[in-house]
Number of protein chains: 4
Amino acid sequence: MKRIKLCYIGGGSRNWAWVLMQDLAFEQEISGTIELYDLKPEDAQTNAVIGNTLLARHNPGHWTFHANPSLEDALTGSDVVFVSILPGDFAEMAIDVHAPEAYGIYQPVGDTAGAGGLIRALRTIPQFRAIAQAVKTYAPSAWVINYTNPMTICTRTLYKEFPQIKAAGCCHEVFNTQKLLATVLEAAGCAPKGSIRREEIHTRVLGINHFTWIDRASWNHIDIFPYYTQFVARHAETGFHQAEAATTFAAGSASGENADAEQAAEAMRRALFSSAERVKMDLFRRYGLIAAAGDRHLAEFCPHSWYLASPEQVRRWGFALTPVSWRIENRDALIAQARAYREGTKTMTPLSSGEEGIRMVKALMGLESLVSNVNLPNQGQMPDLPRDVVVETNAVFSLDGIAPIVGGALPTDLRHLVMHHVLAQEGIIEAVFEEDYEKAFRVFSQDLAIQTVSLTEARALFDRMCAKTVPAFRYGRSGL
Amino acid sequence: MKRIKLCYIGGGSRNWAWVLMQDLAFEQEISGTIELYDLKPEDAQTNAVIGNTLLARHNPGHWTFHANPSLEDALTGSDVVFVSILPGDFAEMAIDVHAPEAYGIYQPVGDTAGAGGLIRALRTIPQFRAIAQAVKTYAPSAWVINYTNPMTICTRTLYKEFPQIKAAGCCHEVFNTQKLLATVLEAAGCAPKGSIRREEIHTRVLGINHFTWIDRASWNHIDIFPYYTQFVARHAETGFHQAEAATTFAAGSASGENADAEQAAEAMRRALFSSAERVKMDLFRRYGLIAAAGDRHLAEFCPHSWYLASPEQVRRWGFALTPVSWRIENRDALIAQARAYREGTKTMTPLSSGEEGIRMVKALMGLESLVSNVNLPNQGQMPDLPRDVVVETNAVFSLDGIAPIVGGALPTDLRHLVMHHVLAQEGIIEAVFEEDYEKAFRVFSQDLAIQTVSLTEARALFDRMCAKTVPAFRYGRSGL
Amino acid sequence: MKRIKLCYIGGGSRNWAWVLMQDLAFEQEISGTIELYDLKPEDAQTNAVIGNTLLARHNPGHWTFHANPSLEDALTGSDVVFVSILPGDFAEMAIDVHAPEAYGIYQPVGDTAGAGGLIRALRTIPQFRAIAQAVKTYAPSAWVINYTNPMTICTRTLYKEFPQIKAAGCCHEVFNTQKLLATVLEAAGCAPKGSIRREEIHTRVLGINHFTWIDRASWNHIDIFPYYTQFVARHAETGFHQAEAATTFAAGSASGENADAEQAAEAMRRALFSSAERVKMDLFRRYGLIAAAGDRHLAEFCPHSWYLASPEQVRRWGFALTPVSWRIENRDALIAQARAYREGTKTMTPLSSGEEGIRMVKALMGLESLVSNVNLPNQGQMPDLPRDVVVETNAVFSLDGIAPIVGGALPTDLRHLVMHHVLAQEGIIEAVFEEDYEKAFRVFSQDLAIQTVSLTEARALFDRMCAKTVPAFRYGRSGL
Amino acid sequence: MKRIKLCYIGGGSRNWAWVLMQDLAFEQEISGTIELYDLKPEDAQTNAVIGNTLLARHNPGHWTFHANPSLEDALTGSDVVFVSILPGDFAEMAIDVHAPEAYGIYQPVGDTAGAGGLIRALRTIPQFRAIAQAVKTYAPSAWVINYTNPMTICTRTLYKEFPQIKAAGCCHEVFNTQKLLATVLEAAGCAPKGSIRREEIHTRVLGINHFTWIDRASWNHIDIFPYYTQFVARHAETGFHQAEAATTFAAGSASGENADAEQAAEAMRRALFSSAERVKMDLFRRYGLIAAAGDRHLAEFCPHSWYLASPEQVRRWGFALTPVSWRIENRDALIAQARAYREGTKTMTPLSSGEEGIRMVKALMGLESLVSNVNLPNQGQMPDLPRDVVVETNAVFSLDGIAPIVGGALPTDLRHLVMHHVLAQEGIIEAVFEEDYEKAFRVFSQDLAIQTVSLTEARALFDRMCAKTVPAFRYGRSGL
């Protein structure tokens, strides 16, 4: 069996780290050590205990978790580096998401595009510059797989800081769309309910993260587009809800006595992340392509008036504005849960996530070949977008290589929307690298949603949103 | 003396045609015939009489005007073709400009970008396709110089329809900015008032028509930017008005008994076209580049909230919303004036316009070399904009050739705004070539100003604005 | 089972057509009809009989072969079109290959690059223009898979004539290299002899057909490059011969009484197509990349002095100059063999070829997903080569789509050689499309080998080589 | 009058430095100091004396020459930096030019392309890296004007080492072609003999230095191409010699008692640099474009067999193979001449050179506007050549800016030849930057002329040619 060393930056995570350790419980072809590094070493330490406990029970002898307070040690000798961090804290994220509401700007997520995404970028970019420098120094030939948002900006920053880095950004939004397409086929009678696995749905992916598009989709010899067209005709006005189980990750793996409370919490979570796919279907009716991200993300890339003009409009479109307060409460619940796991008062039961992180690692180690969607600098895979910006297309993962697949051209009207965000993201990255606060504001002021308020208001909002974030931006405080 | 044949499509014009004939009154190096072609043959006939009368008096023996009802005859054998037409009529333009006002969308000009520009494009593109076909058939090696708006779209259409065409789009907005820069230097004491000619101001021009930018400007050994920075510091809040004479064209050349009425009309005209350059100065403070078009145009390329949110805001920024009703009244006055010229009750006195049309013709005939700004397909002169789209940069005019000068890169934040319009223009052209009404709407709906209203309202507005225009668009009625 | 219609242009072929029918004998997932079209209808008719006889015995009820003298009928309704023709005849090919020998220019193959390839292109391009027009008219949505050389030029011509065509060029040279790499690993003890299947060798492919390169190769978790480096160190001077069976195609499937004569013929064939891989290994030592074509092809892309300066040098490098006389004799033998098959005096025994034609068809029908190397217009997969020229990289085949995989950049020194041929091929295609005989000569005169003779000699050679071919070139005789 | 500081790297030059000081003797609009820096300080010192003596007599009070042994001092505060150095010495150049003769490779110049140019590049690149670093440190905003060959490689190196440098490469070969075109028109009776000044000939320039092309040429309203076609028809076989005076530079300005000896020397010089323009005319007949460099340069860019196969062939084509021995003798004569100037036994009489160095400086200072051909990184001016490589096109010089003019596309067959050299130059630069001796050899081995010998011979030649040069290349000895 192949033994490898993984480094996990943000290893105290109670989300992706738990997904990872559960997936590793099912893994038989590779083994090794996982160095958990976190700005909060005690969280890494907790996860090391949880992970080792879980694996001892479910996959003994294969993996060792180790909390490592030294980034140098954690990186040195690593084959793969996962990055999954929270840039700043939830108090800052609350400002990202909710401060613009005073100006009528509502954001379902606020971590990718728009006001929230841009301000989050201001404090994330310095951290990713530091990560890139650390990788350059301690693990220059390791593969870096990033899960952090804003995905495009994080990945672009890694390459801009260390052009020889081997990095890719991974996101599961396309998977959810593939699940939806499987459901569409099953509902049309092409196959029994629940029989089509997501991986069997072939999609051609193009665009940028969270505003990704599918212009070809097939299952076996079936072109899915005619079925999807019918599906949209039926559900576009009323909305459609996928089976709930499909979206359950780590949280669903809990077991224990507090099942009722957990069910209530889970119901709340679902409500706050819900979507009726109406934005996705509306965009299909307009552009003829399948938008491959959740409605909460998609809406943030469109003109403000379309889906986000007011909480009422959001409700009509059937998706939720996720409040950061929920994230804070949820974090507190997860902290308690983590303590319980650590102290053994609660037992983690592993569920396979359907995520592809482990498969990617195995493919990069040469153990299989994998085609999946991934965020990479544009080397030609999106010929009508600028070179070097980070785009999302399919790619082939194989031993020590990720080769992007040419995604084709976006229709001009859609490219129109995509380019707005591509250049906003380029602009905000330049602003941080050039330490140009005014340029950052200009980019901010040109955002589709921010445009709806006056420049004076936009400036007031920008200054307020930057108040906590900008010192990092200005003085390069990366926290690492 | 070199004898040439010019063809003037839209030869019944009472604006550019009169400028041309007056400029020809001063021209000593070339001579020939000018075929005036117009959808209204009587207007062409009137202009032929006016032109021949004027030239007989001021430059006898050089030029003959001839109204030609056959486009084939007018084109055949031509060396140069001017195109200066009104796409549709003022009733249609009134819809372009004023229909959006019901939705809070105000447009100072409404012929280039935004709602008005896009709908105007829908009816202009078929006409320019027909013109390109006629040139291809009857005068394939003639130079075509276009003055019609939307400039970018007209010029792009000519090349898309007939890729071997030798066409360029010319616009005097940059000239006015050069005049302003001359004033700036004079006001700073660099030279006596009125001593610097516009042609002496060297500018590097880049961008797209009416959203053109200057990133270098000099006069002799003087870099103008520091002076302009001071000028903006002084005038940005209060505005600045150039000497009035500078913007007077053909209309100013009238003489006769009705001087009082004419002065009143001229005062009205000035008010309705006025600008305090505050938008230009504001953009300079934000981007550090000199915007090289009038404020009325510039505002239409920016987010709606910046300068055009309401008539009050427009007033505060010191420019005017030109009503089409004025254009209609003015046209009626000009018709009367034309009749008077034709009947000899009034006499046209030639003024040299400062326009470069004749100089361009002479340069293309090899009589001089000229560097001027011009709209051409992007062959590399704007390396960061897509190939083939029409851009405005400087170019060298010489015998049978216009060679664009590489304009350099726009800053990313400015490119962000420019690309919005580049792709909207590409999209609207594609929609007409593909006869795709829905695509036209999608492009329309993504416009910066239209975005501010709901999709339902946008659709209602689009359908209303297209009601007169679309038959042409749909069925290819070009009117030629 | 999926039923499809295949059209085979060149269906009288006694090479690829026989491979195809044998592979179909093993195929259980698709079925249908195969329309054989050939300029020699009797050959198509013979193959129809052979194919139906073979399939009746080995895979009854699945496939029907039909010789169709009407290209219109054969194409109409086709899902896939194979093109495998001989442009001109062997008399012309004899001139392509041997006429230059009078000037010291030796060609092992003479059908792709260099003097022979360029002249062959002159008569092939008009035929492929005609094929593209026929596909456009009768089967515009069919997939066209080309096997004809010069591969790059044929495929490029199809797209230049009918830009919406869905065409790809397929070649098995890379497969042979993958077989060699399997042998390398087995010889190094990584796996038992004969245990690694070609398909298991992952290679990243980039370049142009017959001058294709591999810059990454792996098998499972093993990077093949270190093993190949050792292999080359051992064999570069002495040469290496793969197991003979690996290169045996249709001819090997014969059985019957004349086994001795056939064995002798086969031994001759091997000698005339043989290679000791010394060119491939020499290129590896120089450039560090694995050349993925046979030495006979590779040598023709390199400077003339390196491997082809004289028959003696060719012999030293261990490969053969295949005489066209052999092809003529072999054809006569194959004609006899075909007659025997048709008349039943001899029985075709099917062998599975290892070719991917059928798998590609199945992938395009959605029955599987396939990554293979393929020749396609450059949409971005070779970012450092010009757009639109035909390049060879990997691609993903899936339902109705072939998506090229970005191949990365060639090292500058290798790009230097590749670009020579890319631009020669572009030039010769332009010359035919523009019907410019002099331009064709200029391209010819600049070829690496032709450069070695004087311009006067080059012209004499060109005129002689064109004597039979050029009427087709000049007057568009396509033969279709 | 504008006062500036010029720095002259290679200021001990007895060629360009003398041209410069003579041109300055006529200059009335700018004045200042000229810092002469040279690896041989005594030569700089001699030139300072000569220059000050000359200017004191002919243009007193304007310019001061100062020999400066410190590059830091010489650069600091400079407005413009001229670079005109001899990379290595004539002994090395003798190897560049003559060592390949043993293999039948003849070179008329040997400083740009081919064996000589590539080896010269190996020792020049480290020096230009050092110059770029010095400019970056001491005069980052100065304009650098390079006259050193290999021009393309020197200029590219400056930008590769210091991307923000403001550098351009200038060469007078195009001027000579313009003079020839003036002669063509005069000979055709378009104007009296000697009446057309070179500057009046408008040419569109495209390509790379010393392999530059003119695809449009006009004088006033006259297209020169038809006249040139007739001219070529008349002279292509027999050759044409321009009036001798045209090519006389500084050397011609000598006066004194040794007039006879000097005349003899001058006659010798002419013979060794002579050309009958037959290569230029032959290329015109083949490609239809006017080659804009001397035949001695042009021939080195073409396949070896065309013009350079033997000294006899060179003689037939009417140009000379300039031996380095002449350069050595000439240098000795010039050293003696310099001593005589310095000691006052001989007096320099200023002649205006017709070079544009001073005009460029004045244009960059804003005193005039100038269109001239110049070598710059490709920002879009040659859309069909790779970005960033150095190309030669026209450009507009104005205050602190050089804006290249889009040159259009080379015909594919010509681009074929040009790209050979573009990629060879890129490859050799990479080899030096990467310190990869083998890569340098691979590029060398692929050169059009080197290809004609075996790889073994090529290697022997390469090693011999590098023996003196490579230590600099390997260990970064720049001499500065």
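Residues numbered from 1 in each chain as written. Chains lettered and ligands numbered in written order. Predicted model: local features only at pLDDT ≥ 70, side-chain atom pairs only at ≥ 80, totals over all residues. Heavy atoms only, no water.

(A) Structural context of helix H8 (residues 225–235) of chain D. All names here are of chain D. By the burial criterion, the buried members of H8 are Phe-225, Tyr-228, Phe-231, Val-232 and His-235. The buried residues of H8 all sit within an arc of 115° when viewed along its axis, so they share a single face. Turned more than 90 degrees away from the buried face of H8 sit Ala-233 and Arg-234, all of them exposed. Against the buried residues of H8 lie helix H7 (173–187), strand E8 (211–219), strand E9 (222–223), helix H10 (278–287) and strand E10 (290–291). (Buried < 20%, exposed > 50% of the residue type's maximum accessible area, 1.4 Å probe, protein only. Helix = DSSP H or I, 4+ residues; strand = E, 2+ residues; numbered from the N terminus. Arc of directions from axis to C-beta. Contact = heavy atoms within 4.5 Å.)

(B) Representation of the relation of the copies chain A and chain B in the model. Between the two copies, chain A and chain B, the superposition gives an RMSD of 0.0 Å; the rotation angle is 180° and the shift along the axis is 0.0 Å. The relationship between the two copies is best expressed as a two-fold rotation axis. By residue overlap, the copies meet face to face through one surface: 100% of the interface positions of chain A are interface positions in chain B. (Least-squares fit on C-alpha atoms with pLDDT ≥ 70 in both.)

(C) Representation of the packing of helix H4 (residues 90–98) of chain A against helix H5 (residues 114–138) of chain A in the model. Residues and elements named next belong to chain A. Running from amino to carboxyl end, H4 crosses H5 at an angle of 145°, the nearest separation of the two axes being 8 Å. With respect to the hand of their crossing, H4 and H5 are arranged in right-handed fashion. Of H5, the residues touching H4 (which contributes Glu-92, Met-93 and Asp-96) are Gly-116, Ile-119, Arg-120 and Arg-123. (Axes fitted to C-alpha atoms, helices over the stretch in contact; angles between N-to-C directions. Left-handed = near helix turned anticlockwise from the far one by under 90°.)

(D) Local environment of the interface of chain B and chain D. Between chain B and chain D, the residue contacts involve 27 residues of the former and 27 residues of the latter. Between chain B and chain D, roughly 1,900 Å² of surface is buried when both sides are summed, and carbon and sulfur atoms account for 62% of that area. On the chain B side of the interface with chain D, the three residues burying the most area are B:His221, B:Leu399 and B:Val406, jointly 26% of the side's total. At the surface where chain B touches chain D, the tally comes to 0 salt bridges. The tally of links from chain B across to chain D stands at 6 residue pairs in polar contact (both at pLDDT 80 or more). (Buried area = accessible area lost by both parts, 1.4 Å probe. Salt bridge = Lys/Arg side-chain N within 4 Å of Asp/Glu carboxyl O. Polar contact = N/O pair within 3.5 Å; in protein donor to acceptor, adjacent residues only side chain to side chain.)

(E) Layout of helix H5 (residues 114–138) of chain C. Residues and elements named next belong to chain C. With 25 residues, H5 extends 35 Å between its outermost C-alpha atoms, agreeing within 8% with the 36 Å of an ideal straight helix rising 1.5 Å per residue. Maximal helix bending in H5 amounts to about 35°, located at Leu-122; proline Pro-126 follows within four positions. For H5, the tally of buried residues reaches 19 of 25 residues, placing the bulk of the element in the interior. (Expected span 1.5 Å × (residues − 1). Bend = angle between axes of the 7 residues up to and from the residue.)

(F) Layout of the pattern of salt bridges. On inspection of all chains with the given rule, the structure shows 100 salt bridges over all chains. Of the charged contacts in the structure, one is a salt bridge between B:Lys362 and B:Glu27, with a shortest N-O distance of 3.1 Å. Of this pair, B:Lys362 sits in helix H15 (residues 357–364) while B:Glu27 sits in the loop between helix H1 (16–24) and strand E2 (30–37); the two residues are 335 residues apart in sequence, bridging distant segments of the chain. Accessibility expressed as a relative area gives 6% for B:Glu27, which makes it buried. Put simply, B:Glu438 and B:Arg459 hold a salt bridge, and the shortest N to O gap is 2.9 Å. With B:Glu438 in helix H17 (residues 437–445) and B:Arg459 in helix H18 (residues 455–475), the pair connects residues that are 21 residues apart, well separated along the chain. The class of B:Glu438 is partly exposed, set by a relative accessible area of 37%. Owing to a relative accessible area of 23%, B:Arg459 belongs among the partly exposed residues under this scheme. Each member of the salt-bridge network shares a partner with another, and the members are A:Arg197, A:Arg198, A:Glu199, A:Glu200 and A:Glu356.

(G) Focus on the interface of chain A and chain B. Listed per partner, the contact involves 30 residues of chain A and 30 residues of chain B. Interface area for chain A against chain B, summed over the two sides, is near 2,800 Å², with a carbon-plus-sulfur share of 56%. Summed over the shared surface of chain A and chain B, the number is 2 salt bridges. The partner of B:Asp413 in a salt bridge is A:Arg442, and the shortest N-O contact between them spans 2.6 Å. For the interface between chain A and chain B, the tally reads 20 residue pairs in polar contact (both at pLDDT 80 or more). Mapped by element, the contributors of at least two residues to the side of chain A that touches chain B are helix H10 (278–287), helix H12 (304–307), helix H16 (412–433) and helix H17 (437–445) of chain A. Partitioned by chemical class, the residues of the side of chain A that touches chain B number 12 nonpolar, 10 polar and 8 charged. (Nonpolar A, V, L, I, M, F, W, Y, C, P; charged D, E, K, R; others polar.)

(H) The arrangement of unusual backbone geometry in detail. With an omega of 0°, the peptide bond between C:Asn149 and C:Pro150 qualifies as cis. With respect to the secondary-structure elements, C:Pro150 resides in the loop between strand E5 (143–146) and helix H6 (151–161). Phi angles above zero are rare outside glycine, and A:Glu277 is one such case at about 65°. Here A:Glu277 shows up in the loop between helix H9 (259–273) and H10.

(I) The nonpolar core, seen in detail. Judged by nonpolar contacts, the single largest core of 122 residues is most densely connected at C:Trp213, C:Tyr307, C:Ile428, D:Trp213 and D:Ile428. At 12 residues, helix H16 (residues 412–433) of chain C tops the list of elements feeding residues into this core. Ignoring any residue separated from it by four or fewer positions in sequence, one finds D:Ile428 in contact with D:Leu118, D:Ala121, D:Leu122, D:Ile125, D:Ile153, D:Ala440 and D:Val443. Core analysis: the second largest hydrophobic core is formed by 120 residues, A:Leu308, A:Ile450, A:Met465 and B:Ile105 among them. (Core = buried A, V, L, I, M, F, W, Y, C linked by side-chain atoms within 4.5 Å.)

(J) Main features of the arrangement of the chains. Separated without contact, chain B and chain C have their nearest C-alpha atoms at a distance of 13 Å. Nowhere do chain A and chain D come into contact; their C-alpha atoms are at least 13 Å apart.

(K) Layout of the environment of A:Tyr106. By the element assignment, A:Tyr106 lies in the loop between H4 and H5. Each C-alpha atom of the pair A:Tyr106 and A:Gln133 lies 36 Å from the other, and the pair is 27 residues apart in sequence.

(L) Geometry of the relation of the copies chain B and chain D. For the pair chain B and chain D, the relating rotation is 180°, the translation along its axis is 0.0 Å, and the fit reaches an RMSD of 0.0 Å. An overlap of 100% is found between the interface residues of chain B and their copies at the interface of chain D, pointing to a shared contact surface.

(M) Main features of the packing of aromatic side chains. Residue and element names in this part refer to chain A. For the structure on display, the rule yields 72 aromatic pairs over all chains. Taking the ring centre of Phe-433 as reference, the NZ or CZ of Lys-160 above it sits at 5.4 Å. Across the ring face of Tyr-341, the terminal group of Lys-346 is positioned such that the distance to the ring centre comes to 6.0 Å. (Phe/Tyr/Trp six-rings, centres within 6.5 Å; stacked < 30°, edge-to-face > 60°. Lys NZ or Arg CZ within 6 Å of the ring centre and 35° of its normal.)

(N) Inspection of the pairing of strand E3 (residues 63–67) of chain D at higher detail. Residues and elements named next belong to chain D. Of the two faces of E3, only the one carrying Trp-63, Phe-65 and Ala-67 is buried; Thr-64 and His-66 on the other face are not. Pairing between strand E2 (residues 30–37) and E3: 5 bridges, direction parallel. Bridging across to E3, Glu-35 finds its partner in His-66. Taken together, E2, helix H2 (residues 41–58) and E3 constitute a β-α-β crossover, and its handedness is right-handed. (Pairing = 2+ DSSP bridges. Right-handed = clockwise from strand over helix to strand, strands pointing away.)

(O) Quick look at the pairing of strand E5 (residues 143–146) of chain D. Residues and elements named next belong to chain D. Alternating positions in E5 separate into two faces, Trp-143 and Ile-145 on one and Val-144 and Asn-146 on the other, with burial throughout. Pairing geometry for strand E4 (residues 80–83) and E5, over 4 bridges, is parallel. Note that in E5 the partner of Phe-82 across the bridge is Ile-145. Sheet topology note: the E5/strand E6 (residues 166–169) ladder contains 4 bridges and is parallel. Within E6, the residue paired with Val-144 across the bridge is Ala-167. As a crossover connection, the stretch from E5 through helix H6 (residues 151–161) into E6 is right-handed.

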